Amino acid sequence: MSVPVPGYIGPILPWLDLFGIAVFAATGAVAATMRGQTFVTAAFFALVTGVGGGTIRDLLMGAPVFWVHDRSVAAICITAALLIWLTPERWWHGKGFDWLDAMGLAAYAVFGAAKSLGYGVPPVPAFVMGVVTACVGGIIRDMMAGEPSILMRPELYVTAAALASALYVVLSFTGLPPFACGLVAAGAGFALRAAAIQWRLALPAYRGKR
Amino acid sequence: MSVPVPGYIGPILPWLDLFGIAVFAATGAVAATMRGQTFVTAAFFALVTGVGGGTIRDLLMGAPVFWVHDRSVAAICITAALLIWLTPERWWHGKGFDWLDAMGLAAYAVFGAAKSLGYGVPPVPAFVMGVVTACVGGIIRDMMAGEPSILMRPELYVTAAALASALYVVLSFTGLPPFACGLVAAGAGFALRAAAIQWRLALPAYRGKR
Amino acid sequence: MSVPVPGYIGPILPWLDLFGIAVFAATGAVAATMRGQTFVTAAFFALVTGVGGGTIRDLLMGAPVFWVHDRSVAAICITAALLIWLTPERWWHGKGFDWLDAMGLAAYAVFGAAKSLGYGVPPVPAFVMGVVTACVGGIIRDMMAGEPSILMRPELYVTAAALASALYVVLSFTGLPPFACGLVAAGAGFALRAAAIQWRLALPAYRGKR
C-alpha cells in the first residue's frame, strides 16, 4: 500500500499540469471569442478557466496556489488567449477541440487526485479534489459567460473526470507505480469522455418525478 | 465577558455542523433532481451546497478547510445525494423540507459565528462569517443552477441567518455558557425563518425609487 | 531595481484600500437597491462587492484575509449600504457615480499589484493580481444579481485596471519611489476609464468569425 508523496509521481506531473492549464485556457479564450468579445476579456477567461480548478484545489488543501509564485503559468494562459484571438474561429471549432478538452479533463482529474493524496488528504476527499480540479475551471467559465454550465448537461463530462479521479485513488492503493496508475486512470477517463463525444452517451436523468 | 475558544462550546458543535452539512447537501441534491439532472450532477450539487458555506468560512479565517482532511464529510454529502436520487420527488417537496432547511440555516449561522469568535475574529466580522457560513452554500447552488438566488427574494432568509449570528455574537459577551447562547440564538433564527415560511413575512423593499 | 516591501509604499496604501472598499461597497448596495431589494440584501451585496476582490487576492497570495481580523472594514461596508438605502436613488445614478467607481478601480488595481509585489509574487502574476483585485468584486456582484458582467461588455473597464496594474509593476522596477509609481499608474488607469465613460471608448471585438 503506497500513497504517493509530492513529486513522487515523478517528472510527468508538471507536464500533465501545464497541458491541462494550456488546454483549459484555450477553451476559456474560445468561449470569449465565440461571443465576439475583446482580447482583454479573452485573456481573463483564459486565466480563470486555465487556473481556476487548480486554484480551488490548492486553496482547499492549504497548499500555496501553484500559479501565483510561478513566473510562467499566467504568461502561458495569456499567450494561449493571444493565439486564439489572432486566428480564425473555424480552427477552434468542432470535435478536434472537444477531444483536446477531453485530454485536459482526464489529465487534470488525475493530477488533482495525485496532488491531494500526496498532501495526506484521505481517499474520498482526494477523489472529490480530482473532480473539482478538472471541472471547476469550466464551471466558472460558463457562469461568467452566463451559460448553462457543463454540470447541467446530461452528457458524460463530470462523470469522466470522476472515473479518472476515482480510478487513480483506488489504483494508488494497489502498489502499482504512480506513473502506471496515472496512465491507466487518465486513459479510462479520456476513453469515457471520447465515447460520450462520439456516441453522445449520457447518464440517465432523475426519474423520481412521478 | 467571555469569548468561546475552539472546542469550548462543547460537544454540540460538531453535531450542529454535521446536521447543517447533511441538510444543505440534501437541498443541493433536490435542486439538481428537480431539474431532471443525473446522479453525478446531484452529488456535485450536494457537495457544493453542503460544504460551500463552511469552506468559504474556513478559507476566510485561515483555518484548515474542515472537510478536506476529514474521512466522512464528503461521503455524507454523496450519501445524501444518493438517498434523494433513489426516492420519489414528492418526498422532498413542500414545507417539511423548507423547515429542515430552516433548521440547517439557524444551526449553521450559529456554528459559523462561534467558530470565528473562537479563532479570535472580532465581533463584526464574526457576525458576517456566521451569515456567510449559512447562506453561501445556497447562493452558489442557485448560481450553478442558473436560478435567481435566495439573496434576491424579499423573503426573510438571509435576515434569519443574520439574527441567529448577531444574537450569538452579542450573547457570547454576556457570560452565558456558549451552549445556552447557541440554543437561544439558533432558536430565534429558526423561529424567524419559520414565521417567514408560515406567514410569508418579507422585509420592506427599497423605496428610494422616486 | 527596487521591489516595494509591505508597508514601504507608505501611508497612502491603507487609504487607497479603504477608498476602494467604500466605493465598491456602495456600487454593490446600489446594484441591490436598483432592483428594489431589501436592506439585508443591499448589505450583503455591499460586503461581497467591497471586499470580494481583495479577499480573492489575499487568498491567492496566502496572506491573511484583510477584513476578517479587522474591526472596521465589515462595518464600513454595512454603513455604506445603510447610507445608500436611506437616500433616494437619483443621488446614486448617472456619471458622477461612474467616475467614483473609476477612481475605485484604479486605486484597487494599483493596491493589488503593490501588495502582491510586496509579498514576493513575480511580475506577471502580480499584474494579474492587480486586475483581479480591481475587477472580481464587480464580477461577483453581477453574477449574484444575474446580470451580464462587466467582463462581457466591450467597454474599457478591465482594460483600465490592466493598464494601472501593468504600469505599476513596470514602474516599480525603474527605481521611482513607490508613491510616485502608484500615482502615475492609478492616474493613467483612471484617465483611460474616464475617457471610456466620456467617449464610450471600446476595444475592438473578435473578428475571427469569417
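About the thresholds
- Residues numbered from 1 in each chain as written.
- Chains lettered and ligands numbered in written order.
- Predicted model: local features only at pLDDT ≥ 70, side-chain atom pairs only at ≥ 80, totals over all residues.
- Heavy atoms only, no water.
- UniProt positions renumbered as here; feature names shortened; annotations may be inferred.
- Helix = DSSP H or I, 4+ residues; strand = E, 2+ residues; numbered from the N terminus.
- Contact = heavy atoms within 4.5 Å.
- Areas by Shrake-Rupley, 256 points an atom, 1.4 Å probe, with all protein chains shown as cover.
- Salt bridge = Lys/Arg side-chain N within 4 Å of Asp/Glu carboxyl O.
- Buried area = accessible area lost by both parts, 1.4 Å probe.
- Polar contact = N/O pair within 3.5 Å; in protein donor to acceptor, adjacent residues only side chain to side chain.
- Nonpolar A, V, L, I, M, F, W, Y, C, P; charged D, E, K, R; others polar.
- Expected span 1.5 Å × (residues − 1).
- Buried < 20%, exposed > 50% of the residue type's maximum accessible area, 1.4 Å probe, protein only.
- Least-squares fit on C-alpha atoms with pLDDT ≥ 70 in both.
- Phe/Tyr/Trp six-rings, centres within 6.5 Å; stacked < 30°, edge-to-face > 60°.
- Lys NZ or Arg CZ within 6 Å of the ring centre and 35° of its normal.
- Axes fitted to C-alpha atoms, helices over the stretch in contact; angles between N-to-C directions.
- Parallel < 35°, antiparallel > 145°, perpendicular 65-115°, else oblique.
- Left-handed = near helix turned anticlockwise from the far one by under 90°.
- Core = buried A, V, L, I, M, F, W, Y, C linked by side-chain atoms within 4.5 Å.

For chain A, the name recorded in an unreviewed UniProt entry is Trimeric intracellular cation channel family protein, with Stakelama tenebrarum as its organism. Under the UniProt heading Sequence similarities (unreviewed entry), the note attached to chain A is "Belongs to the UPF0126 family." Its UniProt record gives chain A a comment under Subcellular location (unreviewed entry), which states: "Cell membrane".

In this section: the overall build of chain A. For chain A, the helix and strand inventory stands at seven helices and zero strands. Along its sequence from the N terminus, chain A presents helices and strands in the succession α-α-α-α-α-α-α. Within chain A, contacts between residues at least 6 apart in sequence are counted, and of these 76% link residues at least 24 apart. Surface accessibility of chain A: about 8,000 Å² in total, with carbon and sulfur atoms responsible for 71%.

Summed over the entire model, instances satisfying the criterion amount to nine salt bridges over all chains. The partner of D58(B) in a salt bridge is R57(B), with the nearest N and O atoms 3.0 Å apart.

Turning next to the interface of chain A and chain C. Counting residues at the interface gives 31 residues for chain A and 30 residues for chain C. Together chain A and chain C conceal approximately 2,600 Å² of surface at their shared face, both sides included; 73% is due to carbon and sulfur atoms. Broken down residue by residue, the surface that chain A buries against chain C is led by V40(A), F44(A) and V68(A), which jointly contribute 21%. Scanning the region where chain A abuts chain C turns up zero salt bridges.

Frequently, the measure chosen for interface size is the accessible area removed from exposure when the parts meet. With 30 residues of chain B at the contact, the number on the chain C side is 31 residues. Our count for the contact surface shared by chain B and chain C stands at zero salt bridges. Between the two partners, chain B and chain C, sit zero residue pairs in polar contact (both at pLDDT 80 or more). When residues of the side of chain B that touches chain C are traced back to their parent elements, those giving at least two are α2 (39-61), α5 (123-145) and α6 (158-171) of chain B. A total of 10 residues in the side of chain B that touches chain C trace back to one element, the largest contributor, which is α5(B). Across the side of chain B that touches chain C, the residue classes break down as 24 nonpolar, three polar and three charged.

Now for helix α7 (residues 178-199) of chain C. All names here are of chain C. Relative to the 32 Å expected for 22 residues at 1.5 Å per residue, α7 spans 31 Å between its end C-alpha atoms, a close match to the ideal helical length. Turning to α7, its buried residues number three or more, namely P178, C181, G182, A185, A186, G189, R193, A194, A195, A196 and I197. Phi turns positive one or two residues past the end of α7, at R200, with a value near 50°.

Attention now goes to the relation of the copies chain A and chain C. Here chain A sits on chain C after a turn of 120° about the axis and a move of 0.0 Å along it, with an RMSD of 0.0 Å. Such a combination of rotation and displacement between the chain copies is what one expects of a three-fold axis.

In this section: the packing of aromatic side chains. All names here are of chain A. Per the stated rule, a full pass over the model turns up six aromatic pairs over all chains. Between F39 and W85, the aromatic rings sit 6.2 Å apart at their centres with planes inclined by 55°, giving tilted as the arrangement. Remark: W85 occurs in helix α3 (residues 73-85) and F39 occurs in helix α2 (residues 39-61); sequence separation between them is 46 residues. Classification of W85 by relative accessible area gives buried; the value is 17%. In this arrangement the basic side chain of R57 is found over the ring face of F66, its NZ or CZ atom lying 5.5 Å from the centre.

Here the focus is the packing of α5(B) against helix α3 (residues 73-86) of chain C. Axis separation between α5(B) and α3(C) bottoms out at 7 Å; the angle between their running directions is 70°. Between α5(B) and α3(C), the interaxial angle falls into the category roughly perpendicular. Between α5(B) and α3(C), the contacting residues are V124(B), P125(B), F127(B) and V128(B) on the first element and A74(C), A75(C) and I78(C) on the second. Along the lines of polarity and charge, the residues of the contact of α5(B) with α3(C) split into seven nonpolar, no polar and no charged.

The next thing to look at is the environment of A26(C). All names here are of chain C. With respect to the helices and strands, the residue A26 is situated in helix α1 (residues 12-34). Judged by relative accessible area, A26 falls into the buried class, the value being 11%. Separated by 53 residues in the primary sequence, A26 and T79 have C-alpha atoms spaced 9.3 Å apart. When sequence neighbours within four positions are dropped, the list of residues in contact with A26 reads A80, I84 and F97.

Before going further, it helps to spend a moment on the relation of the copies chain B and chain C. Relative to chain C, chain B is turned by 120° and slid 0.0 Å along the rotation axis, the superposed coordinates differing by an RMSD of 0.0 Å. A different interface surface on each copy is seen, since only 7% of the contact residues of chain B are contact residues in chain C too.

Before going further, it helps to examine the environment of T159(B). Turning to its location among the elements, T159(B) is positioned in helix α6. Judged by relative accessible area, which is 17%, T159(B) ranks as buried. The sequence separation of T159(B) and V131(B) amounts to 28 residues, and the corresponding C-alpha distance is 8.6 Å. When sequence neighbours within four positions are dropped, the list of residues in contact with T159(B) reads L192(B), L203(B) and V40(C).

Attention now goes to the UniProt feature "transmembrane region" (unreviewed entry) in chain A. All names here are of chain A. UniProt's feature table lists "transmembrane region" (unreviewed entry) at residues 12-32, 39-56, 124-144, 156-176 and 182-203, given in the numbering used throughout. Between the C-alpha atoms that bound residues 39-56 there is a distance of 25 Å. The span itself is 100% helix and 0% strand. Split by type, residues 182-203 is 82% helix and 0% strand. Its first and last C-alpha atoms lie 25 Å apart.

Bringing the packing of α5(B) against α6(B) into the picture now. Residue and element names in this part refer to chain B. The contact between α5 and α6 brings their axes to 8 Å, and the two run at 140°. Between α5 and α6, the angle falls in the class oblique. Of the two possible hands of crossing, α5 and α6 adopt the one that is right-handed. Contact residues: α5 offers P123, A126, F127, G130, V131, A134 and C135, while α6 offers V158, A161, A162, S165, A166 and V169. Here the contact of α5 with α6 is built from residues that sort into 11 nonpolar, two polar and no charged.

Nonpolar side chains in soluble globular proteins generally cluster together in the buried interior. Among the nonpolar cores identified, the biggest contains 204 residues, and F44(A), W67(A), F44(B), W67(B), F44(C) and W67(C) are the most heavily contacted of them. Apart from the residues lying within four places of it in its own chain, the contact partners of W67(C) are L60(B), P125(B), V128(B), M129(B), V51(C), T55(C), V73(C) and A74(C).

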